[in-house]
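# Analysis of the macromolecular model
What follows is each chain in one-letter form.
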Amino acid sequence: MADLFKNYIDGNWLPSATGKNFENHNPANRNDLIGLFPASGQADVDNAVGAAKKAFASWRLVPAPKRGEMLSRVGELLKKYKEELARVETREMGKILTETRGDVQEGIDTAFYVAGEGRRLFGETTPSELPDKFAMSVRTPIGVCALITPWNFPLAIPTWKLFPALLCGNTVILKPAEDTPHTAVKFFEILEAAGVPPGVVNLVHGRGEEAGTALVRHPEVKLVSFTGSAAVGREIASVCGRHLKRVSLELGGKNAQIVMEDADLDLASEGALWGAFGTTGQRCTATSRLILHRDIKQKMTDMLVARAEKIKIGDGSDESVEMGPLINQAAREKVKGYIQIGKAEGARLLTGGSVYERDKCKDGWFFQPTIFDQVTAKMRIAQEEIFGPVLSIIEVKSFAEAVEVLNSTAYGLSSAIYTADVGRAFRAMRDIEAGITYINGPTIGAEVHLPFGGVKDTGNGHREAGTTVYDIFSEWKSIYVDYSGKLQKAQIDNAE
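Residues numbered from 1 in each chain as written. Predicted model: local features only at pLDDT ≥ 70, side-chain atom pairs only at ≥ 80, totals over all residues. Heavy atoms only, no water.

All right, on to helix α9 (residues 265–277) then. Residue pairs three or four apart in sequence face the same way in an α-helix, which turns once every 3.6 residues. When the terminal C-alpha atoms of α9 are compared, their 18 Å separation across 13 residues agrees well with the 18 Å that a helix rising 1.5 Å per residue should span. What α9 keeps buried is the set Leu265, Ala268, Ser269, Gly271, Ala272, Leu273, Gly275, Ala276 and Phe277. Buried residues along α9 sit against β12 (255–259), β13 (287–293), α10 (294–308), β15 (370–373), β16 (390–396) and β18 (414–418). You can read the cap of α9 off the contacts: a side-chain oxygen lies 3.1 Å from the backbone nitrogen of aspartate 266, and it is on aspartate 264. Backbone geometry just after α9 places threonine 279 at a positive phi near 55°. (Helix = DSSP H or I, 4+ residues; strand = E, 2+ residues; numbered from the N terminus. Expected span 1.5 Å × (residues − 1). Buried < 20%, exposed > 50% of the residue type's maximum accessible area, 1.4 Å probe, protein only. Contact = heavy atoms within 4.5 Å. Polar contact = N/O pair within 3.5 Å; in protein donor to acceptor, adjacent residues only side chain to side chain.)

Next comes the structure, spelled out in structure tokens:
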């Protein structure tokens, strides 16, 4: 019998009111059934929102430093169960253990970083223009927040959203991706063990078109934080806009790494391979375009192909494996489709481009590391997010052309340039249209104490992580205290 998992609502583990469940399978071995999870609907969402609304009345009054102390306890438990959580993640979404350990570590780092902010939720004081009057601004919580998270970082991304939301005094409902519900269950077991009060955190499993839609449309949900595709993000923004509901969107990317003729090619090659094929290319910050100066283009291309063909593919729980599977059949079919698109557009396939089914891999959703050459900036494979292990090489003649090509997509999340020229590096920092720019590093590697997010179709302007995340999860309130004992009229009494 498969394990049967439940939602977590108001401090209780509950089956779905629909009576229905969905299966969760290991993408490295689709015969490995992880368990059955609730296919939640409107009634489950109503129950969770009601619990969160009730808990908000008391949670918002807990001093922020005390809320931070609770997050410290969560961080300690994440440390204690780091290896177990990493193995749950690898089984559930496929990436190698080295990476899932990093995912859990990111959650640990976020817990302790956010906990410290409990004593730094600073407002501002400023002089009033009138005598005997005090002026200041403070942060206040928003209310019930819906957090809708993807499968590729099933622990880190929920912590990026949930911890700041709680610290600001909000209550939350997490709707994890249906491909990674088990990690969410383990995470909520830790939250419960840390003593988070009933109703403050709630977990509702289910499909986006059912549970996710119900959350977004619920009138008592005051904020929606979503990480996922641009197409879904637009729909969520549309719904929230009609109801004047706050929404934070972190969407797709079509990230590029520039390599100039003066770059360290060994270092640049390592960065490109890690950026393109880490997490099997399933990152919003993955390197999907490699913009090479013509003077080093052939040499670096040869280096990349030789190394890519040696990448060991397999079950991520094997410590010797370097790249795991794609998340599911639909993802693999999408990648296969883009291989055909690239060929039809005239790109030259240098390596990969096929399903990988050697030995035990025949039971999973594996795909070869793939490199295209002779790609032009306007090709679909250079414009559209593939979300798989596919790297497109674009040749340029100059630094100016490289930046122009990098900026030529609708997205603007992450970017990188490898060069020994400090002037070029600073011009790249200035001219590249992206929320993140790395100098002599790959397009992946964000740290939790800096803002994370992008421009253009990558989102709606908010930034997670860092201190900017608190602008998502709190409202500003301006406060004036007049102790003059008389009516004072701003902009009137002080006029000359």
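Don't stop here, the text continues.
This part is about unusual backbone geometry. Where the residue is not glycine, phi is negative for most of them; where a peptide bond is considered, it is trans in most cases. The residue aspartate 10 is not glycine, and still its phi comes out positive at about 55°. Given the relative accessible area of 26%, aspartate 10 is considered partly exposed. One non-glycine residue with positive phi stands out, namely aspartate 359, at about 50°. With respect to the secondary-structure elements, aspartate 359 resides in the loop between β14 (348–351) and β15.

For the rest of this paragraph, the subject is the sheet that holds β13. Spatial ordering of the open sheet is given by β14-β15-β16-β13-β12-β18-β19, a layout of seven strands whose pairing is mixed. Each edge of the open sheet is held by one strand with a lone partner, namely β14 and β19 (436–439). Averaged over all adjacent pairs, the angle separating strand axes in this sheet is 25°, with direction ignored. Summarising the sheet, β18 and β19 pair through four bridges and their orientation is parallel. (Pairing = 2+ DSSP bridges. Axes fitted to C-alpha atoms, helices over the stretch in contact; angles between N-to-C directions.)

The next point concerns the packing of helix α1 (residues 42–59) against helix α7 (residues 208–217). It is the contact of α1 with α7, at a shortest axis distance of 9 Å, that shows an interaxial angle of 40°. For the element pair α1 / α7, the angle class is oblique. In the crossing of α1 with α7, the sense of the turn from one axis to the other is right-handed. On α7, the residues touching Gln42, Val45 and Val49 of α1 are Ala211, Ala214 and Leu215. Grouping the amino acids of the contact of α1 with α7 by side-chain chemistry returns five nonpolar, one polar and no charged. (Parallel < 35°, antiparallel > 145°, perpendicular 65-115°, else oblique. Left-handed = near helix turned anticlockwise from the far one by under 90°. Nonpolar A, V, L, I, M, F, W, Y, C, P; charged D, E, K, R; others polar.)

With the rule as written, the count across this model stands at 28 salt bridges. Salt-bridge contacts for arginine 87 lead to glutamate 83; the nearest nitrogen and oxygen are separated by 2.9 Å. Residue arginine 87 and its partner glutamate 83 are located together in helix α3 (residues 82–93), separated by four residues, close to a single helical turn. A residue is classified by how much of its surface remains accessible, and arginine 87, at 41% relative accessible area, is partly exposed. Each of Glu83, Arg87, Arg101 and Glu319 takes part in salt bridges that share partners, so that together they form one network. (Salt bridge = Lys/Arg side-chain N within 4 Å of Asp/Glu carboxyl O.)

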